[in-house]
Amino acid sequence: MKFFYLSSNPDFNGKLLIHERSCPELPSPYERDYLGAFNSAFEALKNATEIKSNVSICPVCGCKEEIYTLRHLSKKASE
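Residues numbered from 1 in each chain as written. Predicted model: local features only at pLDDT ≥ 70, side-chain atom pairs only at ≥ 80, totals over all residues. Heavy atoms only, no water.

J.: I keep staring at helix α1 (residues 41-51) and nothing clicks. Help me out?
T.: In an α-helix, one turn spans 3.6 residues; hence positions three or four apart end up facing the same way. Within α1, burial applies to A41, A44, L45 and A48. The buried residues of α1 occupy one face: seen down the axis, they fall within an arc of 100°. Exposed and facing more than 90 degrees away from the buried side of α1 are K46 and E50. (Buried < 20%, exposed > 50% of the residue type's maximum accessible area, 1.4 Å probe, protein only. Helix = DSSP H or I, 4+ residues; strand = E, 2+ residues; numbered from the N terminus. Arc of directions from axis to C-beta.)

J.: Can you walk me through the nonpolar core in this structure?
T.: Side chains that are nonpolar tend, in soluble globular proteins, to be buried together. By size, the foremost hydrophobic cluster in this structure holds 12 residues: F4, L6, L16, I18, L35, F38, A41, A44, L45, A48, V55 and I57. Listing elements by their share of this core, those giving two or more residues are β1 (2-7), β2 (16-20), β3 (32-38), α1 and β4 (55-57). Take this core: its biggest share by element is 4 residues, from α1. In contact with L45, not counting residues within four places along its chain, are I18, V55, S56 and I57. One finds Y5, L26, C58 and C61 within the second-largest nonpolar core, a separate group that totals 5 residues. (Core = buried A, V, L, I, M, F, W, Y, C linked by side-chain atoms within 4.5 Å. Contact = heavy atoms within 4.5 Å.)

J.: Sorry if this is basic, but what is going on with the side chain of E20 here?
T.: Relative to the assigned elements, E20 resides in strand β2. Buried charge without a salt bridge: E20, with K2 as the nearest opposite-charge side chain at an N-O distance of 4.1 Å. Ignoring any residue separated from it by four or fewer positions in sequence, one finds E20 in contact with K2, F3, F4, L26 and C61. (Lys, Arg positive; Asp, Glu negative; His and termini not counted. Salt bridge = Lys/Arg side-chain N within 4 Å of Asp/Glu carboxyl O.)

J.: It is not clear to me how the pairing of β1 should be interpreted in this structure. Could you clarify?
T.: Two elements, β1 and β3, share 6 bridges in a ladder whose sense is antiparallel. Counterpart to Y5 in the pairing with β3 is Y34. Of the strand pairs in this sheet, β1 and β2 are connected by 3 bridges, and their pairing is antiparallel. Counterpart to Y5 in the pairing with β2 is H19. (Pairing = 2+ DSSP bridges.)

Dropping the structure here:
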């Protein structure tokens, strides 16, 4: 399990970003909210969209994982 946080301040696109605890772009404790422990950034995103709108996964810490998850899911669907 990984620990995820949601930024309190939107980025330049107006999105609130989800960060993993080890992300180099993780906002200060005063500028983030704890989302919880999840198996993937995709799970954290699903949870965050129930709380807030305009949520996205941080491209620095979660982008590779999100692409892997989407490829993995599409492979299973085509089998």
